[in-house]
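Read off the chains here:
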Amino acid sequence: MSSVGDVFDRTLRALRPRWKPLAGIMAIEIVGRYTLLLAGALGIVFILVGGLDLSVLTNLAGRLKEPGVILSRAVPLLVLVTALLFALALFETWMITALFYAAEQPAPTVADALVSGARHAGAFGWILTLASVAAMAGFLFLLVPGLLLCFAFMLAPSAYFLEGRTGWSALKRSWEAMSARPAHAAASLGAGWLALFGAGGLLAASGLPFAGDVVCLAAGPWIATLHSTVFRELTGKEALA
């Protein structure tokens, strides 16, 4: 049985030739997320003040204290916020799908990953939705079942791209892979996530501007490659080259 250090070493070796396209996908995710949020913020301002006149914005805080201002615009605000959340969910699903797709390719490119991410987003998003619903159901009973289900389904994305498993089949395959060597899987994935959180905590404590985005830029490629490495090892597949 390989050690956590061996898993990390294989992950880093696999990540090295894929770093640029994976980081490129994460850069697009960051820019796209901020663009959608900015568009949503401008849309909210437009609804509240009836335009984007900068002279009106100076009095926006005072106008928001008047209950009638928000109540009179409740319906368009609700529609806008719902549309924004839906757009963010679709966009993030697309980016995550593209990221995990690219992590499995021998020579990924950003363009191919984005196209393939859009093609696989429906099936991949369904797997993520099922995993989230199952984990939330576990949290409704006790904390431990929810945490266990989150852990058990971590490798479902790899099951989809490596074995073509969809829906519950991908979740079941992740469960089976984890169950085969739970201690090793927990140690490898746990150490990988802890290393990520540790680096994120240090960056946040440093006061670096946009520290969260810097962490995301490195976190996505690292996690996608780590999950692939662990899944391949647990299922006896050839390691990423």
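Fair warning: this is a prediction, and the values are worked out from it, not measured in the lab.

(A) How the structure looks around the overall build of the protein chain. A tally of helices and strands in the protein chain yields 12 helices and 0 strands. The N-to-C order of helical and strand elements in the protein chain reads α-α-α-α-α-α-α-α-α-α-α-α. A burial count over the protein chain gives 41% of its 241 residues as buried. In the protein chain, the proportion of contacts linking residues at least 24 apart, taken out of those at least 6 apart, comes to 71%.

(B) Expanded view of the packing of aromatic side chains. Here the structure, examined in full by the defined rule, presents 9 aromatic pairs. Judged by centre distance (6.3 Å) and plane angle (45°), the rings of Phe153 and Trp175 are tilted. In this pair, Phe153 sits in the loop between α8 (143-152) and α9 (156-163) while Trp175 sits in helix α10 (residues 167-180), placing the two residues 22 residues apart along the sequence. Classification of Trp175 as partly exposed rests on a relative accessible area of 43%. Grouping aromatic residues by their ring pairs yields a cluster made of Phe100, Tyr101, Phe124, Tyr160 and Phe161. It is Arg33 that lies over the ring of Tyr34; its NZ or CZ is 5.5 Å from the centre.

(C) How the structure looks around the environment of Val115. Mapping Val115 onto the fold places it in helix α7 (residues 110-141). Looking at Val115, the relative accessible area reads 54%, which means it is exposed. Separated by 17 residues in sequence, Val115 and Ala98 have C-alpha atoms that sit 7.9 Å apart.

(D) Broad picture of helix α6 (residues 74-103). Spanning 30 residues, α6 covers 43 Å between terminal C-alpha atoms, matching the ideal 44 Å at 1.5 Å per step. Taken residue by residue, α6 has Leu77, Leu84, Leu88, Phe91, Met95, Thr97, Ala98, Leu99, Phe100, Tyr101, Ala102 and Ala103 as its buried positions.

(E) Geometry of the pattern of salt bridges. Evaluation of the coordinates by the stated rule reveals 10 salt bridges. Between Arg33 and Glu29 there is a salt bridge, with its nearest N and O atoms 2.8 Å apart. Of the two residues, Arg33 and Glu29 both sit in helix α2 (residues 19-49), 4 residues apart, roughly one turn of that helix. Glu29 matches Arg33 in its accessibility class, with the two residues each being buried. Residue Arg173 pairs with Glu176 through a salt bridge whose shortest N-O separation is 3.8 Å. One end of the pair, Arg173, and the other, Glu176, are both in helix α10, 3 residues apart, so they sit about a helical turn from each other. In this structure Glu176 comes out as partly exposed when scored by relative accessible area, which is 34%.

(F) The arrangement of the packing of α7 against α10 in detail. Contact geometry of α7 with α10 gives a least axis separation of 8 Å together with a crossing angle of 65°. Crossing handedness for the pair α7 and α10: right-handed. Listed contacts from α10 to Trp126, Ile127, Leu130, Ala131 and Ala134 of α7 are Gly167, Trp168, Ala170 and Leu171. Tallied by class, the residues present in the contact of α7 with α10 amount to 8 nonpolar, 1 polar and no charged.

(G) A look at the nonpolar core. Among the nonpolar cores identified, the biggest contains 45 residues, and Ile25, Phe153, Leu155, Leu171, Leu226 and Val230 are the most heavily contacted of them. The element best represented in this core is helix α12 (residues 211-234), accounting for 9 residues. For Leu171, the contacting residues outside a window of four places in its chain are Ile127, Leu130, Ala131, Phe153 and Ala156. If you look at the next biggest cluster of nonpolar residues, it comprises 5 residues, including Val45, Ile47, Leu48 and Leu77.

Reading guide: rules and limits
- Residues numbered from 1 in each chain as written.
- Predicted model: local features only at pLDDT ≥ 70, side-chain atom pairs only at ≥ 80, totals over all residues.
- Heavy atoms only, no water.
- Helix = DSSP H or I, 4+ residues; strand = E, 2+ residues; numbered from the N terminus.
- Buried < 20%, exposed > 50% of the residue type's maximum accessible area, 1.4 Å probe, protein only.
- Contact = heavy atoms within 4.5 Å.
- Phe/Tyr/Trp six-rings, centres within 6.5 Å; stacked < 30°, edge-to-face > 60°.
- Lys NZ or Arg CZ within 6 Å of the ring centre and 35° of its normal.
- Expected span 1.5 Å × (residues − 1).
- Salt bridge = Lys/Arg side-chain N within 4 Å of Asp/Glu carboxyl O.
- Axes fitted to C-alpha atoms, helices over the stretch in contact; angles between N-to-C directions.
- Left-handed = near helix turned anticlockwise from the far one by under 90°.
- Nonpolar A, V, L, I, M, F, W, Y, C, P; charged D, E, K, R; others polar.
- Core = buried A, V, L, I, M, F, W, Y, C linked by side-chain atoms within 4.5 Å.

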